[in-house]
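Chains, contacts and geometry: an overview
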Amino acid sequence: MTWHTTRFQIALNRPQVMGIVNVTPDSFSDGGQHADTRRALAHCEKLIRDGADILDLGGESTRPGAPTLTVEEEWTRLEGVLRAALTMGVPLSVDTCKAEVMRRALDLGVDIINDIRGLEDDGAVEAVARHGACGVCLMHMQGDPATMQLRPSYPDVVAEVKSYLAMRVDVVRAAGVAPQRITLDPGIGFGKTVDHNFQLLREQDALLTLGYPLLIGWSRKSSLGALTGRSVGERLAASLGAALASVQRGAHIVRVHDVAETVDALKVWAAAGLISTSS
């Protein structure tokens, strides 16, 4: 299985580690730490040294209750970092739901669009389809960041997430996006309770039946804090456990803050024969 993107054909014969670069002052875990171009690029370089296979850059926080930015505000945060990061030799993903930000990023040469709204915003599907080569990650979210954690409710969370992702795949494929360009994300922590999130982990194999690679993001999430009683800065062990469990249950890409530790943990599990290194 290979994920086709703008500049790279990403082989998924082993788990890929996507390193998070939040170019924001207010993200839930590391807001403000990489909020200017110089610090963001230094963090990109560190994540690559640590073993990141892919970098995922976001200019707008999607934590619960986060305010919405204008296109110009988001692009001002991203542009300089993207231009420089494109020279670093790894696939570059942009975490955005705005069609105009997508278009500008793709015009620069960005490899992947990672959209928490599953390309639902006006013009988003068209922006990706018009490009013709970029990778795309379609995520499930109930509600929006401002309200998603107020009262999330599902008759069957796994069935609903699966149905939504299948529907969004149909939409983007009808627009001309090749299946090899698509990955799926169940949206851990996005409009879901702690129980919902762990049910998605236990039954993750149900999502694999859709036939697309899975990208999973558990890193430092509040559900891990609820389970362990640890604050956001103390969730490394829980994040590693969730990443390993996701990979063992078939995830192809894990989106993480702690790249070096995740890479090392995956090497140990692969050496022990606990995860597959071929597909």
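It should be noted that the structure appears before, not after, this text.
Below: a short report on this structure. Only a predicted model underlies this, so the values are computations on that prediction, with no experimental measurement involved.

Topic: the packing of aromatic side chains
Tallying each qualifying case throughout the model produces one aromatic pair. Measuring from centroid to centroid gives 4.8 Å for Phe-198 and Trp-218, while their planes differ by 40°, and the two rings are tilted. Residue Phe-198 is found in helix H6 (residues 194–202), and its partner Trp-218 is found in the loop between strand S9 (215–216) and helix H8 (222–228); the two are separated by 20 residues along the sequence. Taken as a pair, Phe-198 and Trp-218 share a single burial class, namely buried.

Points about the side chain of Ser-239
Here Ser-239 is to be found in helix H9 (residues 236–248). Judged by relative accessible area, which is 6%, Ser-239 ranks as buried. A polar side-chain atom of Ser-239 sits 2.8 Å from the main-chain amide nitrogen of Arg-220. Those residues within four positions of Ser-239 in sequence are excluded, and the remaining contacts are Trp-218, Ser-219, Arg-220 and Leu-224.

Observations regarding the packing of helix H3 (residues 99–108) against helix H4 (residues 124–131)
Here H3 crosses H4 at 15°, and the two axes come no closer than 8 Å. The orientation of H3 with respect to H4, classified from their angle, is roughly parallel. For H3 against H4, the interelement crossing comes out right-handed. On H4, the residues touching Ala-99, Met-102, Arg-103, Leu-106 and Asp-107 of H3 are Ala-124, Ala-127, Val-128, Arg-130 and His-131.

Conventions and cut-offs
- Residues numbered from 1 in each chain as written.
- Predicted model: local features only at pLDDT ≥ 70, side-chain atom pairs only at ≥ 80, totals over all residues.
- Heavy atoms only, no water.
- Phe/Tyr/Trp six-rings, centres within 6.5 Å; stacked < 30°, edge-to-face > 60°.
- Helix = DSSP H or I, 4+ residues; strand = E, 2+ residues; numbered from the N terminus.
- Buried < 20%, exposed > 50% of the residue type's maximum accessible area, 1.4 Å probe, protein only.
- Polar contact = N/O pair within 3.5 Å; in protein donor to acceptor, adjacent residues only side chain to side chain.
- Contact = heavy atoms within 4.5 Å.
- Axes fitted to C-alpha atoms, helices over the stretch in contact; angles between N-to-C directions.
- Parallel < 35°, antiparallel > 145°, perpendicular 65-115°, else oblique.
- Left-handed = near helix turned anticlockwise from the far one by under 90°.

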